[in-house]
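# Descriptive structure summary
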Amino acid sequence: MHEQDYGILYKHVNYRTNHAVISRRREFVVQTIATVANYEYIINLVFDQTGQINIQVRATGILSTMPIEDGVQVPWGTIVGPGVMAAYHQHMLSFRIDPAVDGHKNSVVFDDVVRLPKNTSLNPYNVGFITERTYVEKPGYVDQSPFTNRSCKIINENKINPTSGKPVGYKIVMPARQMLMADPESYNNKRAKFATQQVWVTKYQDNELYASGEFTNQSQEDTGLAKWVARDDKKISQLCLLKFTKSN
């Protein structure tokens, strides 16, 4: 655990008085490092003064390589030295979030940014846009939609922010990403359904701690999210979130 300075938290100059206000951004980092064969995986949970919780994933160590004949080129890897090739591959990580946003009665929603209908009284100059909210009503995944700037949120409908008049909540800030490249008929896909979609939502169960399955690499079928979402739960209160890095 450590603290670190991360530059400017905020800065503003009052143009009327030319007086500047500035504050530094201090972060509290909870870090763990795991050695897995040739890699070290560094996972940082970063807490700052704005209330943000940022999950950082880093891979260090050495490349996973294999021999290749001199002069040979392949489309599934990069030559990194004489007779040495590093194959393209994916690093898939799963993070389970069990939220308690101002209490345990939480809901999961996603918001899309859409244009207002044109040539209407609300949009006479055809430049207006709004957000449309969708509630996740049953177990499953939320599709990525980067062109509507889709964002997922965990909210508490029973707690209203007195200023905005809307439910309190946390936004999941995560850009769209390519998911598991393995074919649906492969064992990689069959035992790791968590990696086929970015955000999954299920109802909380005490014994369901491993969204990616308890022994993913040693199984023949998915023992995590694929089974959890098969239940006909009516009310959602747990968010299972996938975030991954890809390297070659």
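If you're wondering where the values come from, they're calculated on a predicted model, not measured in any experiment.

## Quick word on the overall build of the protein chain
Secondary structure assignment for the protein chain yields two helices and 17 strands. Relative to a compact globule of 248 residues, whose C-alpha radius of gyration would be 18 Å, the protein chain shows 22 Å and is clearly more extended. Referenced to the eigenvectors of the C-alpha coordinate spread, the extents of the protein chain come out at roughly 65 × 55 × 45 Å. In the protein chain, which comprises 248 residues, the share counted as buried stands at 32%. For the protein chain, the proportion of contacts with a sequence separation of at least 24, taken over those separated by at least 6, is 52%. Counting every atom, the protein chain has about 16500 Å² of accessible surface; 53% of that belongs to carbon and sulfur.

## Re the packing of aromatic side chains
Any two aromatic rings considered together are summarised by their centre-to-centre distance and by the angle between their planes. Counted under the stated rule, the structure contains three aromatic pairs. Considering the side-chain rings of phenylalanine 28 and phenylalanine 47, the 6.3 Å spacing of their centres and the 35 degrees angle between planes classify their relative orientation as tilted. In this pair, phenylalanine 28 is assigned in strand E2 (residues 19-36) and phenylalanine 47 in strand E3 (residues 39-48), connecting sequence segments 19 residues apart. Judged by its relative accessible area of 34%, phenylalanine 28 is partly exposed. Between tyrosine 141 and tryptophan 200 the ring centres are 5.5 Å apart and the planes differ by 70 degrees, which places this aromatic pair in the edge-to-face class. Taken as a pair, tyrosine 141 in strand E12 (residues 140-142) and tryptophan 200 in strand E15 (residues 199-202) lie far apart in primary sequence, 59 residues in all. By relative accessible area, tryptophan 200 is classed as buried at 6%. The ring of tyrosine 187 is capped by lysine 190, whose NZ or CZ atom sits 5.7 Å from the centre of that ring.

## Here we look at the pattern of salt bridges
Taken as a whole, this structure holds nine salt bridges when the rule is applied. Across the pair aspartate 111 and lysine 153 runs a salt bridge, and its minimum N-O distance is 3.0 Å. One end of the pair, aspartate 111, is in strand E10 (residues 107-115); the other, lysine 153, is in strand E13 (residues 151-160), with 42 residues separating them in the sequence. Salt bridges sharing common partners tie together Arg25, Glu27 and Asp48.

## Some remarks on the UniProt feature "modified residue: 2',4',5'-topaquinone" (unreviewed entry) in the protein chain
Here the UniProt feature "modified residue: 2',4',5'-topaquinone" (unreviewed entry) sits at Tyr39. Considering the arrangement of structural elements, one finds tyrosine 39 in strand E3.

## Thoughts on the sheet that holds E13
The strand order E11-E10-E13-E14 describes an open sheet built from four strands, whose pairing is antiparallel. Edge positions in the sheet fall to strand E11 (129-135) and strand E14 (167-172), since each has one partner strand and no second. Geometrically, the sheet is characterised by an average inter-axis angle of 35 degrees between neighbouring strands, direction not taken into account. The pairing of E10 with E11 spans seven bridges and is antiparallel. Across the sheet, arginine 115 pairs through a bridge with phenylalanine 129, a residue of E11.

## Some thoughts on the nonpolar core
Judged by nonpolar contacts, Val101, Val108, Phe110, Val136, Val142, Cys152, Ile154, Ile172, Met174, Val199 and Val201 together constitute the single largest core of 11 residues. Going through the elements one at a time, E10, E13 and E15 are the ones with two or more residues in this core. Listed in part, the eight residues of the second largest apolar core include Ala192, Phe194, Trp200 and Trp228.

## Topic: the sheet that holds E2
Taking strand neighbours across the sheet as the criterion, the four strands line up as E1-E2-E3-E4 in an open arrangement whose pairing is antiparallel. Only two strands of the sheet have a single partner each, and these edge strands are strand E1 (2-14) and strand E4 (53-61). Here the average twist between neighbouring strands, direction ignored, is 25 degrees. Bridging between E1 and E2 involves 10 bridges; their strand directions are antiparallel. Across the sheet, the residue bridging to histidine 2 is valine 29, located in E2.

Rules behind the numbers
- Along each chain, residues carry numbers from 1 onward, in the same order as the chain's sequence is written.
- The predicted nature of this model means local features are confined to residues of pLDDT at least 70 and side-chain atom pairs, given and counted, to a pLDDT of 80 or more, with totals for whole chains, interfaces and linings taken over all residues.
- With hydrogens and water stripped out, all remaining heavy atoms of the structure feed into the side-chain values.
- Helix and strand assignments follow DSSP, with helices taken as H or I runs no shorter than four residues and strands as E runs no shorter than two, numbered in order from the N terminus.
- Computation of the radius of gyration draws on C-alpha atoms alone. For the globule rule, the value is 2.2 Å times the number of residues to the power 0.38.
- Note on exposure labels: buried denotes an accessible area under 20% of the residue type's maximum, exposed denotes more than 50%, and partly exposed covers the range between, all computed with a 1.4 Å probe on protein chains only.
- Throughout, a residue-residue contact means that at least one pair of heavy atoms, one from each residue, lies within 4.5 Å.
- Throughout, the Shrake-Rupley method with a 1.4 Å probe supplies accessible areas, and for residues the shown protein chains are the sole cover considered.
- Only centres within 6.5 Å qualify two rings of Phe, Tyr or Trp (six-membered ring in Trp) as a pair; their planes then separate them into stacked at under 30 degrees, edge-to-face at over 60, and tilted for everything else.
- Counted as over-ring charges are cases with an Arg CZ or a Lys NZ within 6 Å of the ring centre that also lie within 35 degrees of the ring normal.
- By convention in these notes, a salt bridge is any Lys or Arg side-chain nitrogen within 4 Å of a carboxyl oxygen on Asp or Glu.
- UniProt positions are given in the numbering used here, feature names are shortened, and annotations may be inferred rather than shown by experiment.
- Strand pairing is defined by DSSP finding a minimum of two bridges between the two strands.
- Axis definition: a line fitted to C-alpha atoms, over the contacting stretch in the case of helices. Angles run 0 to 180 degrees between N-to-C directions.
- The set of buried Ala, Val, Leu, Ile, Met, Phe, Trp, Tyr and Cys residues whose side-chain atoms join them within 4.5 Å is what this entry labels a nonpolar core.

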